[in-house]
Structures are given as structure tokens and as C-alpha cells.
Amino acid sequence: MTSGSLTAVFAIIYQVRMMRVYEQLINPHSVFCIPALPERSTMMDLEKTILLEEKNEATVIELDPEFTAVICDYVKLNHHVLEINQLFALFRFNMERLYQSYTIQRDDRVIRKDGFYTGYTDFIAINALVTNLISAGRSLVDSLDICMKHSYGEESEAYKSFAAECKCRIYDKSFAYRFFYELRNFSQHNHVPVSMTGNCCCFDINQILNTPHYKAKETLKKEWKALEKEIREKRRDTFRLSFSHTLMQYIASVAELHRGFWVHIKDQLFALNQLVSDTAHANPEILNHNHPKFDGYILYKAPERGEWQLVSPNADTGAYYSNCLREAEDFYAETSRDYQEFEKHCEPCL
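Note that the structure is a prediction, hence the values are computed from the model and not measured.

Thoughts on the overall build of the chain
A count of helical and extended segments in the chain gives eight helices and 10 strands. Out of the 350 residues in the chain, the part that is buried amounts to 50%. Counting only contacts in the chain whose residues sit at least 6 apart along the sequence, the fraction spanning at least 24 positions is 75%. As displayed, the chain offers around 17,500 Å² of accessible surface, 50% of which is attributable to carbon and sulfur atoms.

Here it is in C-alpha cells:
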């Protein structure tokens, strides 16, 4: 593989099973590798199993248990950050799909764009698109938190810093983020989140809170009730939350949290990569050269899974990290700028 801004190898990991009969790629269309920043069109599965004819096709070296543990942490983190990139791409895809399908105006009216054809009503289409976006956003932010927690430890200062500066701060300051975080549970329990009158969309909190077979978190329910009272006092109208404003604030909040993750994961990412690379260069006998597919790889047995795995110690972490951080910063700058511009011309969503 070549090194470049979008193709620099971060780490290559194979699941290896020793067989006597044949060699076969289980999935020839995917490669179990972690590239620096895959093109959206070429993002691949994270795993690939290779069957070997003979065990001696790859050099088996007994590794120090402590180094094996380091490799396992290295592989887990690499695996997780690529998964996060995939979830981030899913979130952006669903966001772009929504905006490519409809023009969403400041007064919450939605207008179907030319070229978006479906046999379903706007009510069904909008709810399908928004439900997908909410679900993708929840998966992404939960994965960011899990990765930080597992990489540094829940009681570590690094994780506490991430929680205070990113996770908790964004949750506390953004009602839209808190609302959508809970709304994912609502939509996953067989309910549609968006209400429509004509071509005007909203989130009807009263309707959501009183939906049968749904129980919101008590703390959030109190907040929603207080918000409902405030809006009724100000507008003297049935409580409805702005569709366009809430949506834009939520997207900007997810973008901010995603950017914060890359800032805080940097130290662990570089430290593990450097440790594996330095150990491999200081102990060249642990590298495989018996098989062209595995030249320069480390073969080790993962204790938790009981399977042989191959990993490359030659990760270009700098290029990988720079691309991920740049994309996160660009997306945050774009979404926050759009949201700030939007706020100048409409009432706050509270």
C-alpha cells in the first residue's frame, strides 16, 4: 500500500485461522485494515479472515505478555477509531440525504426538491430521514464516549477532561442535543418524532410526552414540562418545538463533540503507535517475512478471542490523525457557521 494524505496506512490487522487444506479469502471484497482516512466511496469492512494451508506459512514468535497487551490495546483503538469514522460518515450521509431531498425553511416549512421521487407522503419521508439522522447521531456520540472511556479509563484525568470540556458541556448547553439524544429512544420504540400540518414541521412535545407505551427519563420529562410552560406563557399556543432550528442546533452540537473527541484522543493514539513501532524496530525477529501477504507484520494470539491476528507496526499515525482532525474541524466550522447565521433570522428554539 502507498502512503498519502488519504491512503496512508494506519494499521493492518488480519484474523488468521490455521487450516491444512486450502487458502481462501472469506470476503474478497473487503480488507481488514485501518486506513488513514478512507474515501467515502471506498470505506470497507473492518475484518477479513484468511485461511492458511500450513501453520509455518507465517512465523510464530512467542511475544512478551506485556507487549501482547500493548498490541491488543493498539488494535482495539485502531479498530474503534475507524469505526468512528464510519459512523461519522453515516451521520453526514443521513444529514446530506435530508437536505438533498428537502428545502427546510426558517419558518419550518419543508419543500420537496426536484428529483426526489418517492411513493410516500412528505410526512413519511421526513420522519424516515429524521429518524435515520437521529439514530446515526446517537450511535456516533455514544461510540465517541465509549472509545475515550476504554482508551484512557473512566477514572483517568484524560477521560474526565473530555467529559467536562466536551460531553457534559455540550449536553448541558444544548437543549436540541439533549432532546434528540432522548428522541432516538422514542423513535426506536415504534413512534414517529416529527409532526406535520400541511408542509410545516415541528416537534410536538406534548404529543411525545403523552404517547402511549413510551416513558421518557424523569429528569428530561421535567425539563420538557418546564419548557412547555415557558413557551405557552410566551406564545400562548399549543407547545411545538421549531423543526428547523432544533435540527440545526443538534447537528452543530454533534459536530462540536466529534471535533472534541479527536483533540482528546490524540495522546493515546500517538503513544500506542509509537510504542508498537519502537518495539518492532528494536526486535526485528518478531516480524514475519515467510509469506508475501504478511511481510513485516507481527503475528500474535489475541488472549480474549483465542485467535491469531496480524498487525502492521508501520502506522502513519500523523497523516491519519491530521486528516481526521481536519475533516472534523471543517464540518464543525461549517455547521456552527450555518447555525449562527440561522439564529440571526429566527426566534430561538429555547
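What about the sheet that holds strand 7 (residues 200-203)?
Spatial ordering of the open sheet is given by 6-7-8, a layout of three strands whose pairing is antiparallel. A single partner strand is all that each edge strand has here, and the edge strands are strand 6 (195-197) and strand 8 (241-242). Direction of pairing for strand 7 relative to strand 8: antiparallel, over a ladder of two bridges. Among the inter-strand pairings, cysteine 202 is bridged to a residue of strand 8, identified as serine 242.

Brief notes about the packing of helix 1 (residues 65-101) against helix 2 (residues 122-152)
For any two helices packed against each other, the geometry is given by the interaxial angle and the distance between the axes. Closest axis-to-axis distance for the helix 1/helix 2 pair is 9 Å, and the angle between their directions is 160°. Classed by the angle they form, the pair helix 1 and helix 2 counts as roughly antiparallel. In this structure, helix 1 meets helix 2 at a crossing whose hand is left-handed.

Description of the side chain of histidine 258
The residue histidine 258 is located in helix 7 (residues 243-282) in this model. Engagement of the side chain of histidine 258 in a polar contact is seen with the side chain of tryptophan 262, the distance being 3.2 Å. The contact partners of histidine 258, leaving out residues within four places of it in the chain, are Ile84, Phe88, Leu140, Leu144 and Ala328.

Observations concerning a negative patch on the surface
On the surface, a cluster of negative charge is contributed by Glu329, Asp330, Glu334 and Asp338. As for its position among the elements, glutamate 334 is in helix 8 (residues 317-343).

With respect to unusual backbone geometry
Trans peptide bonds make up most of the peptide bonds, and negative phi angles are found at most residues other than glycine. With phi around 75°, aspartate 108 is a residue other than glycine that occupies positive phi space. Its place among the elements puts aspartate 108 in the loop between strand 4 (102-104) and strand 5 (110-112).

A word on the pairing of strand 7
If a strand is regular, its side chains alternate between the two faces of the sheet. Here three bridges tie strand 6 to strand 7, and the two strands are oriented antiparallel to one another. The partner of threonine 197 across the bridge, within strand 7, is cysteine 200. Linking strand 6 back to strand 7 in an antiparallel pair, the connection comprises two residues, with glycine 198 at a positive phi of about 65°.

Things to note about the pattern of salt bridges
Here the structure, examined in full by the defined rule, presents nine salt bridges. Linking aspartate 107 and arginine 109 is a salt bridge whose minimum nitrogen-to-oxygen distance equals 2.8 Å. The partner of arginine 169 in a salt bridge is glutamate 256, with the nearest N and O atoms 2.5 Å apart. Of the two residues, arginine 169 sits in helix 3 (residues 157-173) while glutamate 256 sits in helix 7, which places them 87 residues apart along the sequence. A relative accessible area of 35% places arginine 169 in the partly exposed class.

Description of helix 3
Look at helix 3: 22 Å from first C-alpha to last across 17 residues, which is about the 24 Å you get at 1.5 Å a residue. The axis of helix 3 is deflected most strongly, by about 45°, at alanine 163. Among the residues making up helix 3, those that are buried are Tyr159, Phe162, Ala163, Cys166 and Ile170. Considering only its buried residues, helix 3 is in contact with helix 2, helix 4 (175-188) and helix 7.

Focus: the pairing of strand 10 (residues 307-311)
Most of strand 10 sits inside the fold, with five of its five residues counted as buried. Pairing of strand 9 (residues 298-302) with strand 10, which is carried by five bridges, proceeds in the antiparallel orientation. Bridge pairing in strand 10 links isoleucine 298 to valine 311.

Observations regarding the packing of helix 2 against helix 4
It is the contact of helix 2 with helix 4, at a shortest axis distance of 9 Å, that shows an interaxial angle of 115°. Relative to helix 4, helix 2 is oriented roughly perpendicular. Here helix 2 and helix 4 pass one another in a crossing that is left-handed. Every residue of helix 4 that contacts helix 2 at Thr131, Ile134, Ser135, Arg138, Val141 and Asp142 is listed here: Tyr177, Phe180, Tyr181, Leu183, Arg184, Asn185, Ser187 and Gln188.

Looking at the environment of aspartate 114
Structurally, aspartate 114 is set in the loop between strand 5 and helix 2. As a C-alpha pair, aspartate 114 and tyrosine 102 span 12 residues in sequence and 8.9 Å in three-dimensional space.

Brief notes about the packing of aromatic side chains
Scanning all chains against the criterion turns up 19 aromatic pairs. An aromatic cluster is defined as three or more aromatic residues linked by ring pairs; in this entry it consists of Phe88, Phe91, Tyr171, Phe175, Tyr177, Phe179, Phe180, Tyr181, Phe203, Phe243, Tyr250 and Phe331. Over the aromatic face of phenylalanine 270 sits the side chain of lysine 266, whose NZ or CZ is 5.8 Å from the ring centroid.

Description of the environment of alanine 315
Tracing the backbone through its elements, the reader meets alanine 315 in the loop between strand 10 and helix 8. Taking the relative accessible area as the measure of exposure, alanine 315 reaches 17% and is therefore buried. Placed 39 residues apart in sequence, alanine 315 and valine 276 show a C-alpha to C-alpha distance of 9.3 Å.

Procedures and definitions
Residues numbered from 1 in each chain as written. Predicted model: local features only at pLDDT ≥ 70, side-chain atom pairs only at ≥ 80, totals over all residues. Heavy atoms only, no water. Helix = DSSP H or I, 4+ residues; strand = E, 2+ residues; numbered from the N terminus. Buried < 20%, exposed > 50% of the residue type's maximum accessible area, 1.4 Å probe, protein only. Contact = heavy atoms within 4.5 Å. Areas by Shrake-Rupley, 256 points an atom, 1.4 Å probe, with all protein chains shown as cover. Pairing = 2+ DSSP bridges. Axes fitted to C-alpha atoms, helices over the stretch in contact; angles between N-to-C directions. Parallel < 35°, antiparallel > 145°, perpendicular 65-115°, else oblique. Left-handed = near helix turned anticlockwise from the far one by under 90°. Polar contact = N/O pair within 3.5 Å; in protein donor to acceptor, adjacent residues only side chain to side chain. Patch = residues over 30% accessible without salt bridge, like charges linked within 9 Å, V, L, I, M, F, W, Y side chains within 5 Å. Salt bridge = Lys/Arg side-chain N within 4 Å of Asp/Glu carboxyl O. Lys, Arg positive; Asp, Glu negative; His and termini not counted. Charge placed at Lys NZ, Arg CZ, Asp CG, Glu CD. Expected span 1.5 Å × (residues − 1). Bend = angle between axes of the 7 residues up to and from the residue. Phe/Tyr/Trp six-rings, centres within 6.5 Å; stacked < 30°, edge-to-face > 60°. Lys NZ or Arg CZ within 6 Å of the ring centre and 35° of its normal.

Honestly, that's just the spatial picture; any functional story needs more than this.
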